[in-house]
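Descriptive structure summary
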Amino acid sequence: MKYFSTRGDRSGLTAAEAIKRGIAPDGGLYMPESLPEISREFLQSLCPMSYAERAASVLAMFLDDYGYDTLLELCKKAYAKTSFGDHAAPVVELDGIRNVLELWHGPTSAFKDMALQIMPLLLSKALELTHETNTVCILVATSGDTGKAALEGYKNVDHTKIIVFYPENGVSNVQKRQMQTQEGDNVAVTAIRGNFDDAQNGVKRIFADSAFREKLAKENVILSSANSINWGRLVPQIVYYISAYCDLVNAGRLTFGDTLNICVPTGNFGNIFAAYLAKRMGLPLGKLVCASNQNNILTDFFNTGVYDRNRAFHLSMSPSMDILISSNLERLLYVVAGSEKTAIWMKQLNETGRYEVDAETLNILQTEFCGYYCNETDTQKTIRHYFDTYHYLADTHTAVGLYCADRYLADTGDTTAMLTASTASPYKFASNVLRSVSETCPEDEFDALDALSQTTKTDIPAPLACLRTKEPRFTGVIDKEEMEDRVYGFIRQ
Ligand SMILES: *Cc1c(COP(=O)(O)O)cnc(C)c1O
């Protein structure tokens, strides 16, 4: 299968090459030339399988140059019990309609692990398949969870290095400590003065700087990304929607062939786009509810067809969704409207911060998606409501999803089963979760972990429980203009 850029570059790469490169030379994102089909038989055959086997079967359709046996080996390693427990992505039933897909049972307690435990292995294999002799340096901009998950995924992986940039005041204390204490010989972490978009644009600029790339080439280093712009990051996310469907069938919650609606708390649009791809491939999915926090640029987009980032940026209690440029939306535009229009809209976005899709495109988008958003007060009320009603403890991001799913159900009266993606353990955002279910909350975020555990009678995930006493390793803060120098210093050290 060949991969092409969303902006029209027609070079046609293998999957391994696309994963190695990350972003296309014209600034676009890689997409497969066509989408493989999920037939009834194929779906049925997945139902009795383990998560790793389901993952290998789905990945093999896209990454045909890897081969099924190789992929199975990699998936078994990535989704091992030691990292993810008994099921990598279990579905929890709340009531007759509502279900939650928990995507945070990996080593960093956030959904990014689902992709970032396998992606480094896919990249390592890609280097082998393309006879690459250089070291790959992974550049990551993170609003919190991606950074830690990427660091954990890449640490000590042969022929790779990883450097992570995060907005100094745009991540929680626990997230910061997770990154600052990262272990591994091939890792670096640096804070940026600015917000997530500053960090992400800085990384994009470095990728686009050909002189800098030449400078790195002299050191036998090539750059690649772990952000969800990389196809190797996106494709494993298709798996858990298919897997969840199988689990719902196995549990008798769905009859094979029934439609399932999906609601996803969204930031960069990677997670929900994976659901859309699963639907396009033939998984019986219905509406895709795009859930945003106060940074509701996507809600407006699905309602009006106008994407306009000229607006205030809010820091919220769901920081992984505090995003004004949802990179993977470009892939959706490409699938729906083609590369010519996509290239024009992306150029407009770059130059004016705004674009408007045509009526035909908007019409297609609105039949597949609908957008809702949830403010800060409703986020906390939702955490409280779900804990009181279902004894289900949701994190702040998941709460945004649950609220938007409820709004959708109330507005439409739709009685189709709904699956809301739960994207982080409540313990990753313990203070805000605790404040939602309790009158008091300790000042210190680490004390809040203990208090949340006592109040809700739930357990702190092990990797978070031991953070408090761990010594920070990476405490540097730089301006966004210094990012290139930081990368160069790191690869030479
Ligand atoms: C990354 C992240 C999101 C947003 O996912 P996208 O794929 O960027 O839309 C939501 N919640 C949490 C906890 C995350 O880490």
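Residues numbered from 1 in each chain as written. Predicted model: local features only at pLDDT ≥ 70, side-chain atom pairs only at ≥ 80, totals over all residues. Heavy atoms only, no water.

Our next topic: the pairing of strand β14 (residues 417–422). Counting buried positions over the six residues of β14 gives six, a clear majority of the element. Burial along β14 is two-sided: the residues Ala417, Leu419 and Ala421 and Met418, Thr420 and Ser422 are all buried. Here strand β4 (residues 98–102) pairs with β14 via five bridges, running parallel. Opposite glutamate 102, over in β14, you have serine 422 as the bridge partner. Here four bridges tie strand β9 (residues 260–265) to β14, and the two strands are oriented parallel to one another. Among the inter-strand pairings, cysteine 263 is bridged to a residue of β14, identified as threonine 420. (Buried < 20%, exposed > 50% of the residue type's maximum accessible area, 1.4 Å probe, protein only. Helix = DSSP H or I, 4+ residues; strand = E, 2+ residues; numbered from the N terminus. Pairing = 2+ DSSP bridges.)

Attention now goes to the pattern of salt bridges. Going through the model one piece at a time under the given rule, you end up with 23 salt bridges. In this structure, the salt-bridge partner of lysine 155 is glutamate 152, at a minimum N-O distance of 3.2 Å. A residue is classified by how much of its surface remains accessible, and lysine 155, at 28% relative accessible area, is partly exposed. Arginine 468 is paired through a salt bridge with aspartate 447; the nearest N and O atoms lie 2.9 Å apart. Residue arginine 468 is located in the loop between α22 (462–465) and β15 (477–479), and its partner aspartate 447 is located in helix α21 (residues 445–456); the two are separated by 21 residues in the primary sequence. Arginine 468 sits in the partly exposed class, given a relative accessible area of 35%. Taken together, the salt bridges that share partners define one network made up of Asp444, Asp447, Asp450 and Arg468. (Salt bridge = Lys/Arg side-chain N within 4 Å of Asp/Glu carboxyl O.)

As a further point, take the sheet that holds β15. In space, the five strands of this open sheet follow the order β8-β5-β6-β7-β15, with parallel pairing throughout. Of all the strands in the sheet, the pair left with one neighbour each is β8 (221–225) and β15. The mean angle between the axes of side-by-side strands here comes to 30°, regardless of whether they run parallel or antiparallel. In terms of strand pairing, strand β5 (residues 135–141) meets β8 through five bridges, oriented parallel. Opposite leucine 139, over in β8, you have serine 225 as the bridge partner. Contacts between helix α10 (residues 196–208) and the sheet are confined to β5, β6 (160–167), β7 (187–193) and β8, with β5 contributing the most and set at about 150° to the helix. (Axes fitted to C-alpha atoms, helices over the stretch in contact; angles between N-to-C directions. Contact = heavy atoms within 4.5 Å.)

A separate point is the site of the ligand. Close contacts around the ligand come from 15 residues, with Lys112, Asp145, Gly267, Asn268 and Thr423 the closest. One nitrogen or oxygen atom from the side chain of threonine 423 is found 2.8 Å from a nitrogen atom belonging to the ligand. When the ligand is considered free in solution it has 380 Å² of accessible area, and contact with the protein chains removes 97% of it. Here the residues of the shell around the ligand are counted per class, giving five nonpolar, eight polar and two charged. (Near = heavy atom within 4 Å. Polar contact = N/O pair within 3.5 Å; in protein donor to acceptor, adjacent residues only side chain to side chain. Areas by Shrake-Rupley, 256 points an atom, 1.4 Å probe, with all protein chains shown as cover. Nonpolar A, V, L, I, M, F, W, Y, C, P; charged D, E, K, R; others polar.)

One finds Leu63, Tyr79, Ile238, Tyr241, Phe269, Leu332 and Tyr355 to be the most contacted residues of the largest nonpolar core, which totals 117 residues. Per-element accounting of this core gives the leading share, 13 residues, to helix α12 (residues 231–250). (Core = buried A, V, L, I, M, F, W, Y, C linked by side-chain atoms within 4.5 Å.)

Let us look at helix α14 (residues 297–304). Within the span of α14, buried status applies to Ile297, Leu298, Thr299, Phe301 and Phe302. Those residues of α14 hidden inside the fold are in contact with β10 (285–292), β11 (306–308), α15 (329–337), β12 (354–356), α17 (359–368) and β13 (369–373). Backbone geometry just downstream of α14 places glycine 305 in the positive-phi region, at approximately 85°.

In the case of a regular strand, side chains alternate between the two sheet surfaces. Burial analysis of β4 places four of its five residues in the buried class, which makes it a mostly covered element. Across three bridges, strand β3 (residues 91–93) lies against β4 in antiparallel orientation. When the sheet's bridge partners are listed, valine 92 is paired in β4 with valine 100. Hairpin connection between β3 and β4: a loop of four residues separates the two successive antiparallel strands.

Glancing now at the packing of aromatic side chains. Scanning the entire structure with this criterion turns up 17 aromatic pairs. Considering the side-chain rings of tyrosine 51 and tyrosine 79, the 5.0 Å spacing of their centres and the 75° angle between planes classify their relative orientation as edge-to-face. Remark: tyrosine 79 occurs in the loop between α4 (68–78) and α5 (81–84) and tyrosine 51 occurs in helix α3 (residues 51–62); sequence separation between them is 28 residues. With respect to burial, tyrosine 51 and tyrosine 79 carry one shared label: buried. With 5.9 Å between their ring centres and 75° between their planes, phenylalanine 301 and tyrosine 307 make a pair best called edge-to-face. Both residues of the pair, phenylalanine 301 and tyrosine 307, count as buried. Members of the aromatic cluster, joined through ring pairs, are Phe269, Phe273, Tyr276, Phe301, Phe302, Tyr307, Trp345, Tyr355 and Phe369. The ring of phenylalanine 490 has lysine 161 sitting right over it, with the charged end atom 4.4 Å from the ring centre. (Phe/Tyr/Trp six-rings, centres within 6.5 Å; stacked < 30°, edge-to-face > 60°. Lys NZ or Arg CZ within 6 Å of the ring centre and 35° of its normal.)

This part is about the environment of alanine 394. Tracing the backbone shows alanine 394 in the loop between α18 (376–390) and α19 (396–412). Classification of alanine 394 as buried rests on a relative accessible area of 1%. Residues alanine 394 and threonine 469, 75 residues apart in the sequence, show an inter-C-alpha distance of 26 Å. Not counting residues up to four positions away in its chain, the partners in contact with alanine 394 are Ile383, Ala399, Leu402, Pro426 and Val433.

In contact at an axis separation of 10 Å, α10 and helix α23 (residues 483–492) are set at 65° when each is read in the N-to-C sense. For the pair α10 and α23, the crossing hand works out as right-handed. Taking contact as the criterion, the partners of Ala199, Gly202, Val203 and Ile206 in α10 are, on α23, Met483, Glu484 and Val487. Tallied by class, the residues present in the contact of α10 with α23 amount to five nonpolar, one polar and one charged. (Left-handed = near helix turned anticlockwise from the far one by under 90°.)

Right, let's get into unusual backbone geometry. Only a minority of non-glycine residues have a phi that is not negative, and only a minority of peptide bonds are not trans. You will see that asparagine 156, though not glycine, has its phi angle at about 60°, which is positive. Assignment of secondary structure puts asparagine 156 in the loop between α8 (145–154) and β6. The backbone of histidine 391 sits at a positive phi, close to 50°, despite the residue not being glycine. Of note, histidine 391 is situated in the loop between α18 and α19.

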